[in-house]
Structure formats: C-alpha cells, structure tokens
Amino acid sequence: AFGDWSIRTVAGFGIAEVEALRNDSRIIRNRLKILATVDNARTVLALQKEHGSFCNWFYNVLEGTKYPALQKTLRGTFKFMGPEISRMWLMASGRITREEGDKYQP
C-alpha cells in the first residue's frame, strides 16, 4: 500500500494516491493519518538532505537525553507522533532506557 515502504515513493504521493489508500481495506483509512504519513516521509527526506542522513539527525543532531525533551522535538517534527509512539520509538532506538520510558508509561 505504501510503495514497499520507500520513503521517496511515499513522499511523492499526491491526492490520487491518498484517495486510493482511503479505499484500501488493508490499512487504517483515516485521511489525516494517511496525509501525515506522506508529510512525515517528506520530513524524513528533508532531514536527510540537511543532515546527510536521517540516522545522523536522529542520533547526532536531535538534542537531549531525556524523554520529555526528545518527545517534544519529535512531536514538533512529525505529525501524529503521540506520546506513546514517541516513547516506544525512543526506547527501541536506544535514545532512552526502558527504565526511563517506563516512568512515562500511560
């Protein structure tokens, strides 16, 4: 549904692709979430261009070591990046420890 998870492909989606996704029963068909996915792909491409790679931005440019500051930046950078998704992403990537992440568990 999302171009084999190619960031460049998703970033290039227009209205026709978004509407096709809204009719795809394999995915969550919320228009705002689909649009956020497209916008977030464009954001990743911009971060890659500006910082050489997304990983460089995420591990070397994204400031902070504590969950509240990191979460605030992620939520300001990406759409539909709620507290639980950002907490899980930060723990899975090793930016915060599980112990720190568990302190903020809902």
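Residues numbered from 1 in each chain as written. Predicted model: local features only at pLDDT ≥ 70, side-chain atom pairs only at ≥ 80, totals over all residues. Heavy atoms only, no water.

A. Structural view of the packing of helix α5 (residues 67-77) against helix α6 (residues 83-92). Between α5 and α6, the shortest axis-to-axis distance is 10 Å and the interhelical angle comes to 115°. For the pair α5 and α6, the crossing hand works out as right-handed. Across from Y67, L70, Q71, L74 and R75 in α5, the residues of α6 making contact are P83, S86, R87, W89 and L90. (Axes fitted to C-alpha atoms, helices over the stretch in contact; angles between N-to-C directions. Helix = DSSP H or I, 4+ residues; strand = E, 2+ residues; numbered from the N terminus. Left-handed = near helix turned anticlockwise from the far one by under 90°. Contact = heavy atoms within 4.5 Å.)

B. Fine view of the pattern of salt bridges. In total, this model carries seven salt bridges according to the counting rule given. Notably, a salt bridge pairs D39 with K79, separated by 3.0 Å at the nearest N-O pair. Linking D39 in helix α3 (residues 31-51) with K79 in the loop between α5 and α6, this pair joins segments that are 40 residues apart in sequence. D39 sits in the partly exposed class, given a relative accessible area of 25%. Between D102 and R98 there is a salt bridge, and its shortest N-O distance comes to 3.5 Å. With D102 and R98 both in helix α7 (residues 98-103) and four residues apart, the pair spans about one turn of that helix. (Salt bridge = Lys/Arg side-chain N within 4 Å of Asp/Glu carboxyl O. Buried < 20%, exposed > 50% of the residue type's maximum accessible area, 1.4 Å probe, protein only.)

C. Expanded view of unusual backbone geometry. Look at D4: it is not a glycine, yet its phi comes out positive at around 55°. In this fold, D4 is placed in the segment before α1 (7-11). Taking the relative accessible area as the measure of exposure, D4 reaches 78% and is therefore exposed. One non-glycine residue, W5, lies in the positive phi region at around 60°. Looking at W5, the relative accessible area reads 68%, which means it is exposed.

D. Fine view of the confidence of the model for the protein chain. Residue-level pLDDT values for the protein chain average 95, and 100% of them are 70 or greater. Per-element mean pLDDT across the protein chain ranges from 91 in α7 up to 98 in α1. (pLDDT = per-residue confidence, 0-100.)

E. Main features of the packing of aromatic side chains. All chains considered together, the criterion is met by 11 aromatic pairs. Relative to F58, the ring of F54 lies with its centre 6.0 Å away and its plane at 20°, an arrangement referred to as stacked. In this pair, F54 and F58 both sit in helix α4 (residues 54-61), four residues apart, roughly one turn of the helix. Comparing F54 with F58, the two get one shared label, buried. With a centroid separation of 6.0 Å and an interplanar angle of 5°, the aromatic rings of F54 and W89 are classed as stacked. Highlighted residues: F54 in helix α4 and W89 in helix α6, separated in sequence by 35 residues. Judged by relative accessible area, which is 16%, F54 ranks as buried. A network of ring pairs unites the aromatic residues F54, W57, F58, Y59, F78 and W89 as a single cluster. We note R95 situated over the ring of F58; from NZ or CZ to the ring centre the distance is 5.7 Å. (Phe/Tyr/Trp six-rings, centres within 6.5 Å; stacked < 30°, edge-to-face > 60°. Lys NZ or Arg CZ within 6 Å of the ring centre and 35° of its normal.)

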